[in-house]
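Observations on chain architecture
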Amino acid sequence: MDRDNKMLTIGGIFFLANTLLLGCDTSTDTDIQKPPQQQSDWESSNTMAQRKAGVITEVQEVSPGEYRIINEYPSTTTGVVVQKLDGSQEIIPQEKVRSLVEGTRSTTGFGLGTVLASGLLGYMMGKNTSVSPLVYANENIYKQSFRNRELIDERKKEEEKQYAGRTGVYRGWTNWWFGRSSHTSKSSSSSGKKTGFFSGFSGGMKSFSG
Amino acid sequence: MRIINVNPIPSSIFEELGFYWYTSPETPNYVADELVVITEAEGEAYYRAANELYDMFIEAGQYAIDHDLYDLFDIPRNLKEMIEVSWEDESHFHMIGRFDFAGGVDGKPIKLVELNADTPSVVFEIALIQWMILKHNKMKEENQFNSLYETLKESFIRLKRLHPYFGKHEEKIPRALFSCLNYSIEDENTTRLFEQIAYEAGFMTDFQYVDKVYFSSNEGIFKKNGEEDVKFDYWFKPIPYEYIGREEPELAGILTDILKNKLAILLNPPYALLFQSKSILKILCDLFPGHPLLLETDFEPLKDKACVEKKTLGREGANVRILDASGNTLLNTPGDYETYRSIYQEYVDLPVDAQGRFYQAGVFFSYEACGLGFRREKGIIQDRSQFVGHFITNFS
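Keep in mind it's a predicted model, so treat the numbers as computed, not measured.

Describing the overall build of chain A
- Helix and strand counts for chain A stand at 7 helices and 6 strands.
- The N-to-C order of helical and strand elements in chain A reads α-α-α-β-β-β-β-α-α-α-α-β-β.
- For chain A, restricting intrachain contacts to residue pairs at least 6 apart in sequence, the fraction spanning at least 24 positions comes to 48%.
- Total accessible area on chain A is roughly 9700 Å²; 49% of this is exposed by carbon and sulfur atoms.

Some points on the pattern of salt bridges
- A full pass over the atoms with the stated rule returns 30 salt bridges over all chains.
- Across the pair E90 of chain A and K84 of chain A runs a salt bridge whose closest N-O atoms are separated by 3.3 Å.
- In this structure E90 of chain A comes out as partly exposed when scored by relative accessible area, which is 32%.
- Here K84 of chain A falls in the partly exposed class, since its relative accessible area comes to 24%.
- Shared partners join several salt bridges into a network, and the residues in it are D68, D71, R77, K80 and E84 of chain B.

Some remarks on unusual backbone geometry
Residue and element names in this part refer to chain B.
- Here L267 and N268 are connected by a cis peptide whose omega angle stands at -15°.
- Among the secondary structure elements, N268 is positioned in the loop between strand 11 (265–267) and helix 9 (272–276).
- The phi angle at D74 is positive, at roughly 60°, despite the residue not being glycine.
- For D74, the location among the structural elements is in the loop between helix 2 (40–66) and helix 3 (80–88).
- With a phi close to 55°, K262 is a non-glycine residue in the positive phi region.
- Its location among the elements puts K262 in the loop between helix 8 (249–260) and strand 11.

Things to note about helix 8 of chain B
All names here are of chain B.
- With 12 residues, helix 8 extends 17 Å between its outermost C-alpha atoms, agreeing within 8% with the 16 Å of an ideal straight helix rising 1.5 Å per residue.
- For helix 8, the full list of buried residues reads L251, A252, I254, L255, T256, I258 and L259.
- Downstream of helix 8 by a residue or two, K262 has a phi angle that is positive, lying close to 55°.

Description of the sheet that holds strand 3 (residues 97–102) of chain B
Residues and elements named next belong to chain B.
- Read from one edge of the open sheet, 7 strands run 1-2-19-18-17-3-4, paired in mixed fashion. Only two strands of the sheet have a single neighbouring strand rather than two, namely strand 1 (2–5) and strand 4 (111–116). Here the average twist between neighbouring strands, direction ignored, is 35°.
- Direction of pairing for strand 1 relative to strand 2 (residues 31–39): antiparallel, over a ladder of 4 bridges. Along strand 2, the bridge assignment pairs I4 with L35.

Observations regarding the side chain of N116 of chain B
- Take N116 of chain B: it is sitting in strand 4.
- Within polar-contact distance, the side chain of N116 of chain B engages the side chain of D100 of chain B at 3.0 Å.

Notes on the confidence of the model for chain A
Residue and element names in this part refer to chain A.
- Looking at chain A as a whole, its pLDDT mean stands at 73, while 65% of the residues score no less than 70.
- The weakest mean pLDDT in chain A belongs to helix 3 (residues 47–50) at 31; the strongest belongs to strand 3 (residues 79–83) at 95.
- Contacts from residues 28–51, a stretch scored under 50 in pLDDT, to residues over four places away or in other chains number 44 contacts.
- Low confidence marks residues 167–185, where pLDDT is under 50. Its contacts with residues over four positions away, or in another chain, come to 56 contacts.

Quick notes on the nonpolar core
- Membership of the largest hydrophobic core comes to 82 residues, with the highest contact counts inside it found for F101 and L274 of chain B.
- For this core, the element with the most residues is helix 2 of chain B, which contributes 11 residues.
- If you count residues domain by domain, this core takes at least three from each of domain 1 (2–277 + 351–393) and domain 2 (298–346) of chain B.
- Every residue in contact with L274 of chain B, bar those within four places of it in the chain, is listed here: G61, A64, I65, Y70, F73, I75, I83, W87 and I280 of chain B.
- With 62 residues, the next largest nonpolar core counts I56 of chain A together with V123, L128 and C180 of chain B among its residues.

Observations regarding the environment of D229 of chain B
- Among the structural elements, D229 of chain B can be located in strand 9 (residues 228–232).
- Apart from the residues lying within four places of it in its own chain, the contact partners of D229 of chain B are S191 and K193 of chain A together with F222, K223 and K224 of chain B.
- Within the structure, the side chain of D229 of chain B is placed 2.7 Å from the side chain of K193 of chain A, a separation counted as a polar contact.
- A polar contact of 2.7 Å, which involves the side chain of D229 of chain B, links it to the side chain of K224 of chain B.

Some thoughts on the environment of N148 of chain A
- Relative to the helices and strands, N148 of chain A is located in helix 7 (residues 139–163).
- Here N148 of chain A is in contact with E72, Y73, P74 and L120 of chain A, once residues within four sequence places are set aside.

Definitions and limits used
- Residues numbered from 1 in each chain as written.
- Chains lettered and ligands numbered in written order.
- Predicted model: local features only at pLDDT ≥ 70, side-chain atom pairs only at ≥ 80, totals over all residues.
- Heavy atoms only, no water.
- Helix = DSSP H or I, 4+ residues; strand = E, 2+ residues; numbered from the N terminus.
- Contact = heavy atoms within 4.5 Å.
- Areas by Shrake-Rupley, 256 points an atom, 1.4 Å probe, with all protein chains shown as cover.
- Salt bridge = Lys/Arg side-chain N within 4 Å of Asp/Glu carboxyl O.
- Buried < 20%, exposed > 50% of the residue type's maximum accessible area, 1.4 Å probe, protein only.
- Expected span 1.5 Å × (residues − 1).
- Pairing = 2+ DSSP bridges.
- Axes fitted to C-alpha atoms, helices over the stretch in contact; angles between N-to-C directions.
- Polar contact = N/O pair within 3.5 Å; in protein donor to acceptor, adjacent residues only side chain to side chain.
- pLDDT = per-residue confidence, 0-100.
- Core = buried A, V, L, I, M, F, W, Y, C linked by side-chain atoms within 4.5 Å.
- Domains from an automatic or database assignment.

Right under this line is the structure:
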């Protein structure tokens, strides 16, 4: 495996950062003011990105044209890293992942699209209702995918509840960082839970951390 | 100091990732477009130092508890019980701390400046931004000592394993709530990043500003989702414990009950405040006299030695005063921490570059040393000092 792209499989934010940096490389203007076009297309057309839920998947080519999932976890970014038989690596950003999975017709075989459609990514995209053990490199990764599926289900349920009733299109987690909420005064709720701590606190500090 | 130039990353990309601090008007060049070059041996020495020191901090923490040193540490008495409850139970895992070091390059020995144990900053910069600088400049990621993100992810998994309930029920998904006050962008960057790491580690996560979180001594920590109260097993909150003790004593009482009733785990744990108080630097000197990683520290100015006066619970380089061997003030910074006790730490020259900027190394610790980065400033290193990533040469 190419050690130099290890971080892409460690955290979704590294995958996203890499995609953004590549977009910046191909641009003639080094100070890009707008997000790369494919990013906004994806976000506006795909509920997976809008819902903040994504999946990072790492697959290994085990024989020519046949793949198994070796690492997979829910993230806020979607992306695929393919470890090829010849030791090279292919990085598939989220806007290309969809067509790869959507284009899959058959659920048999171990082609890249099929394997992805049979794993957690396919589950999120509605391509399967139960992930297939056959596409995983080992039983542990398969078992983990069960827990991850529950995590994704829970997450989706809560986000739907949270965003129901709000106006505007939700466009990914970075966009709602600065939606400030108004102060509540300290009060006891009917159940005896207390809230409103630090509501009057604005010590004029930029940060607490050091 | 060996410094190399790199192509800067367009600020729009930082914003896309949610890193907003950097673009604030007061700090237009917060991320340096240079990297500090270190050797592999220097990098390893920083790591060994952090690992060795952390064990020493645990001994010193135990000493502080055994000798009831809360007053000496300027720790409010209403935090004593929650500190001791968290100290006694291994499920209260210390998620993250950052050692600040003088030296370590240019042949200068590594010396501990302090441990930011409670609410350390610069997580985003060390975990992600310096890696992005390498990528952007076609450098290899193995030329950096940086496993911070990966180690934090492992620490969240470890946290689950250590939990009295979730450790025994592998199939269950724990819930973690991430909170900060709603005016600090820097703290919110950090909090949101931790939320993402926990989610990837298999936690159900959510975010809520502190003033909207619900607390109950008998029930735990909650967020209201519509009509429903959602209970959380973990609460991450980069708010210093001494602020909770002083500003919101009622909350301190409820949190103590919550810990005693095993209703939630707090991140960082309350005992992090023992490591955060700079009084521990004096205890370390008493317990490990002459240790090569320690600078002489006392509660009085050091006799015939230049020293740095700092406040026990001062942060971000505030209320720091540099004294010469005769006790004259050479440099000082303002701040809001005058009421705290002073400690006096032996002065040591920080490594300096050709432009007269001093460099301080930061090494993160989460179960083990896991990420290195630098801050630089012409005077005393503080909150707005520039962040400088690093690059390791002679890596085989």
